[in-house]
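Listed here are the chains, written in short residue letters.
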There are 2 protein chains.
Amino acid sequence: MGGARFADKLAAAVARNDSLVCVGLDPDPRQVPDAVRARADWLAYFAAGIVEATADLVCCYKPNLAFYEALGEAGLAGLRATLRAMPAGVPVLLDAKRGDIGVSARAYAAALFDDLGADAVTVSPYLGFDTLEPFLAYAERGVFVLCKTSNPGAAEFQDLVVERDGARRPLYEHVARAAVRANQQGNVGLVVGATHPEAFRAVRAAAPDLPLLVPGVGAQGGDLAMAVGEGQDAHGRGVLIASSRAILYASRGPDWQDAARAVAAELRGAINALRRTRAR
Amino acid sequence: MGGARFADKLAAAVARNDSLVCVGLDPDPRQVPDAVRARADWLAYFAAGIVEATADLVCCYKPNLAFYEALGEAGLAGLRATLRAMPAGVPVLLDAKRGDIGVSARAYAAALFDDLGADAVTVSPYLGFDTLEPFLAYAERGVFVLCKTSNPGAAEFQDLVVERDGARRPLYEHVARAAVRANQQGNVGLVVGATHPEAFRAVRAAAPDLPLLVPGVGAQGGDLAMAVGEGQDAHGRGVLIASSRAILYASRGPDWQDAARAVAAELRGAINALRRTRAR
């Protein structure tokens, strides 16, 4: 981690590994293979095993802080060990979804970027973009703003229609437009689920140049075709397809690394078959 | 911490200490007294000193996770020591502003309620109330939902006007109404700044029975009069006035505990002069 700008590091990893796959690290003690869980250092060991199996197939790793925090001191130690073992050429996006104001926002930015050394993070927009400035001030790091999420209740607030300047748009489009305005240093991205194609297209139209982090897409099905087809830029990039449990927990047996690699390779292949297939 | 329901524990502390003061614990290594900072155990020592000086003047302590996370392992150790030393009769509200979906939301709830043992937490509503269910499922704990914040840019999204069911309301009112609907077990509260009286009144009108956590109010000025006057219920309760730095950093000298106590006592007195002053 650290060193190059996130955008450059990401582009280099996308090119080198010919991949738009972002592997989410959601270490769940109830789901890892028993042989892994039996080790005192299981958190770091499991992550290192996943990295070893997939480092040439992915463009990004995305540790999810929720899972580490649920494990207390062992979680923080495991996260540090995991971050130390990351391959130099693959950026690390810490999925933190932080959002606070003033000095608290600065403290969260310091925790994620300075203390943990993240190349990029996820943040929440509800408090307004002024509260994201402490994150955006790290020009060389990436800041992915929650925009339209994939959970069943995402519509409750994100889809509320707001009339402004004579146009009626859902809240998530306002967030996307604000993200474009905030992208003065080329370090802003958006988190957009693929479960609602119209919303996905609207976000892409509002923010044609921002990288999109797309969670919750399986290797099969229309979501992936839509996300890659609509999300990619003219160079077949600009979209990160995140997958966690399908890769991490592909097998609980001794073949867990091979199984994880196979699923990651399949996802990369399915994505690449969809890249550069349509003119924009 | 733990034991009684948050609502009962809070009501008991409000009554016993005749106080609506919630002391925010924002431990900043650049602001604590030098004599405190010089100690290896400064985090826990400082919090214990503040608690010792104020425990009979307050109804709640609110550690802000941002400041602890910025300090890495030492921060987590200091937070644990601080939580262990909390007086049994004063509830602890962990200011975390978390918001994530599905299993990640469950992991955050477990981290805050099970691992850290919070009596209450703050959460973000942007992803929809379905994502808050893992928190709300802890019926005996409090869940304060960000509604209308006090930062300059809060209006950017929170004030966007949404037409629905024939009525035009700002987004924060939709959040307040959703919080009322989610309050099936009497464990939901709202975070509402006092800097915009009209918004504060609208939230109180939409959620007449929910406790309001009000950050960023000084001991002087109209904000406090408005927040207490408009926020209190028929019993002169139902509102938590949060103050952090004005109390914590009242003095950097050897009198820091006395100074903190004096500011907390002044705030309690100013609030109590405003309680039960108007019929509702």
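Rules used throughout
- One numbering rule holds for all chains: residues counted from 1, following each sequence as written.
- Each chain gets a letter, beginning with A, and each ligand a number, beginning with 1, in the order they are written.
- Restriction of local features to residues with pLDDT of at least 70 applies here, the model being predicted, together with a cutoff of 80 or more for giving and counting side-chain atom pairs; totals for whole chains, interfaces and linings are based on all residues.
- Helix and strand labels come from DSSP, where a helix needs a run of H or I of at least four residues and a strand needs a run of E of at least two; each type is numbered from the N terminus.
- Here the expected span of a helix is defined as 1.5 Å times the quantity of residues minus one.
- Three classes are used. A residue is buried when 20 or more other C-beta atoms lie within 10 Å of its own, exposed when 12 or fewer do, and partly exposed in between, with C-beta atoms placed from the backbone.
- Relevant arc is that of directions from the helix axis to the C-beta atoms, nothing else.
- DSSP calls a pair of strands paired once it identifies at least 2 bridges connecting them.
- A fitted line through C-alpha atoms represents every axis, and for helices the fit uses only the stretch in contact; the resulting angles, taken between N-to-C directions, go from 0 to 180 degrees.
- Contact definition: two residues whose C-beta atoms, as placed from backbone geometry, lie within 7 Å.
- Residue polarity is assigned by list, with Asp, Glu, Lys and Arg as charged and Ala, Val, Leu, Ile, Met, Phe, Trp, Tyr, Cys and Pro as nonpolar; anything else, Gly included, falls into the polar class.
- The copies are overlaid by a least-squares fit using only the C-alpha atoms of residues whose pLDDT is at least 70 in both copies.

Regarding helix H5 (residues 72-84) of chain A
Residue and element names in this part refer to chain A.
Turning to step 1, where the next piece is worked out: Under the 1.5 Å per step criterion, the end-to-end length of H5 is 19 Å for 13 residues, consistent within 8% with the ideal 18 Å.
Turning to step 2, where the next piece is worked out: All of the buried residues along H5 are Gly 75, Leu 76, Gly 78, Leu 79 and Thr 82. Viewed end-on, H5 has its buried residues packed into an arc of 165°, placing them on one side of the element. Exposed side chains of H5 directed beyond 90 degrees from the buried face belong to Glu 73 and Arg 84.

A short note on the sheet that holds strand E4 (residues 120-123) of chain B
All names here are of chain B.
Turning to step 1, where the next piece is worked out: Strand order across the open sheet formed by 8 strands is E2-E1-E10-E9-E8-E5-E4-E3, with parallel pairing between neighbours. In this open sheet, the two edge strands, each paired with only one partner strand, are strand E2 (60-63) and strand E3 (93-98). Ignoring strand direction, the axes of neighbouring strands in this sheet form an average angle of 30°.
Turning to step 2, where the next piece is worked out: Inspection of the sheet shows E3 paired to E4 by 3 bridges, in the parallel sense. The residue of E4 that forms the bridge with Arg 98 is Val 123.

As for the interface of chain B and chain A
Turning to step 1, where the next piece is worked out: Contacts between chain B and chain A engage 42 residues on the former and 42 residues on the latter.
Turning to step 2, where the next piece is worked out: The element best represented in the side of chain B that touches chain A is helix H6 (residues 102-115) of chain B, accounting for 7 residues.
Turning to step 3, where the next piece is worked out: By residue class, the composition of the side of chain B that touches chain A is 23 nonpolar, 12 polar and 7 charged.

Considerations on the relation of the copies chain B and chain A
Turning to step 1, where the next piece is worked out: Take chain B, turn it by 180°, move it 0.0 Å along the axis, and it overlays chain A with an RMSD of 0.0 Å. What the rotation and shift describe, once combined, is the action of a two-fold rotation axis. Among all residues of chain B, the one whose C-alpha sits closest to the rotation axis is Val 162 of chain B, at a distance of 2.6 Å.
Turning to step 2, where the next piece is worked out: Both copies present the same face, since 100% of the interface residues in chain B are matched by interface residues at the equivalent positions in chain A.

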